[in-house]
Amino acid sequence: MLLPGKYVDKMRKLLRDDYDNYLACFDEPRYYGLRVNTAKISVREFMALCPFKITPVPWIGNGFYYDGETLSPSKHPYYFAGLYYLQEPSAMTPADRLPVKPGDRVLDLCAAPGGKATELGAKLQGEGLLAANDISNSRAKGLLKNIEVFGIGNVLVLSEEPGKLAGYFPEYFDKILIDAPCSGEGMFRKDKRMIKAWEEHGPEYFMNIQKSILLQAAGMLRPGGQMLYSTCTFDPGENEQMIWQFLKSCPEFEIESIEGYEGFMEGFSDTVPGDHTELKKTVRIFPHKMKGEGHFLALLRKGEKDRPAGDRNRESGRGREKLPEEFVQFLPDVRREYDMARMRIYGGRIYYMPEGLPDMRKETRTGNSGKN
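Residues numbered from 1 in each chain as written. Predicted model: local features only at pLDDT ≥ 70, side-chain atom pairs only at ≥ 80, totals over all residues. Heavy atoms only, no water.

(A) Geometry of the packing of aromatic side chains. Counting across every chain of the model gives 25 aromatic pairs. Ring centres of Phe268 and Phe286 lie 6.2 Å apart, and the angle between their planes is 20°; this geometry places the pair in the stacked category. Here the residue Phe268 occupies a position in the loop between β11 (265-266) and β12 (283-285), and Phe286 occupies one in the loop between β12 and β13 (295-302), the gap between them amounting to 18 residues. Under the relative-accessibility criterion, Phe268 is labelled buried at 13%. Judged by its relative accessible area of 1%, Phe286 falls in the buried class. Across from the ring centre of Tyr32, 3.9 Å away, lies the NZ or CZ of Arg30, which sits over that ring. (Phe/Tyr/Trp six-rings, centres within 6.5 Å; stacked < 30°, edge-to-face > 60°. Helix = DSSP H or I, 4+ residues; strand = E, 2+ residues; numbered from the N terminus. Buried < 20%, exposed > 50% of the residue type's maximum accessible area, 1.4 Å probe, protein only. Lys NZ or Arg CZ within 6 Å of the ring centre and 35° of its normal.)

(B) Structural view of the pairing of β13. Most of β13 sits inside the fold, with seven of its eight residues counted as buried. Of the strand pairs in this sheet, strand β9 (residues 221-231) and β13 are connected by six bridges, and their pairing is antiparallel. Paired with Gln226 across the two strands is Arg301, which belongs to β13. For strand β10 (residues 253-256) and β13, the ladder comprises four bridges, and the chain directions are antiparallel. Bridged to Glu256 within β13 is Leu299. (Pairing = 2+ DSSP bridges.)

(C) Layout of the nonpolar core. Phe169, Ile178 and Met227 are the most contacted members of the largest nonpolar core, which totals 40 residues. With residues near it in sequence (within four places) discarded, Phe169 still touches Leu156, Leu158, Gly219, Met220, Leu357, Pro358 and Met360. Judged by nonpolar contacts, the second largest core, of 32 residues, contains Trp59, Ala117, Ile285 and Leu299. (Core = buried A, V, L, I, M, F, W, Y, C linked by side-chain atoms within 4.5 Å. Contact = heavy atoms within 4.5 Å.)

(D) Seen up close, the side chain of Thr282. Looking at the secondary structure, you find Thr282 in the loop between β11 and β12. Taking the relative accessible area as the measure of exposure, Thr282 reaches 0% and is therefore buried. The residues contacting Thr282, other than those within four sequence positions of it, are Glu240, Ile255, Met265, Glu266, Gly267, Phe296, Leu297 and Ala298.

Take a look at the structure:
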């Protein structure tokens, strides 16, 4: 594979004596993966009924490899039933390592096409809230389809700029995942088209975008909450240096350790000036060390502060929506209890909103809520 000279020089400097081992991985085949939807089926049950050969991804409890050269799991009925999601093995790591638990309020800020959002939703086990956002409305529609196939109901799908979302959700979320747009250097082996994209828009193009997203997300995370930042690139400017700059701007945050695996490499703390050994808590995944493509992960925690009693469950104060009479008459025929105060009308449709959601009316904020 012909790699750009500028990229080769950077990787030689970054990996030093390990560069030749990295280069050799381009002669090896890429790896294909699927992730079991534990919201519908257990891993043990899936392994018992899976009709094709799979082998475990050792650092992902519900992840498996399959032979993508001879198999097409995307054509199997189990795929359309939402029993699994096809995902590159290393890309499973961010959602797996963000410690989401049932009842959390979770935001996937750059969620399309849904590989990470569907895992976050499954981990909630029907409790709490998943807000899945993508700035592209067309991609958000595809995201919604994947979430629906997975059977995740406690979800709000959004299509909005992070800065406008911050006006609706100040210090609202317990966990936030930022799978940031990046230069994609870690995907060169998987998709050769990424090399041309890198030549058109290299790391410098994405750094201001990443910095902005991080700062806006910080305002939506509650004190004590956790935020995981990930990229699929090797560039220090998009990885360790980005985290270092963020911590200077937001000193209330600190880096937390990530559950390890023998193939994980610690972050390159020597890529920033001074002594910043805390950056070694970040994780780098290289394709010559793991059976997967390139990734970077940083888990951040926001410092605690005093909060008013009951603030966690604070409602927006919006009154009950005036619902069409025919809808009110129809509801008793549905064998389910509803909290009528959670009914909202948007764009001629009636939505049953998650509990504790802030007021999403356009006129109450400067931004567009972008609901889908």
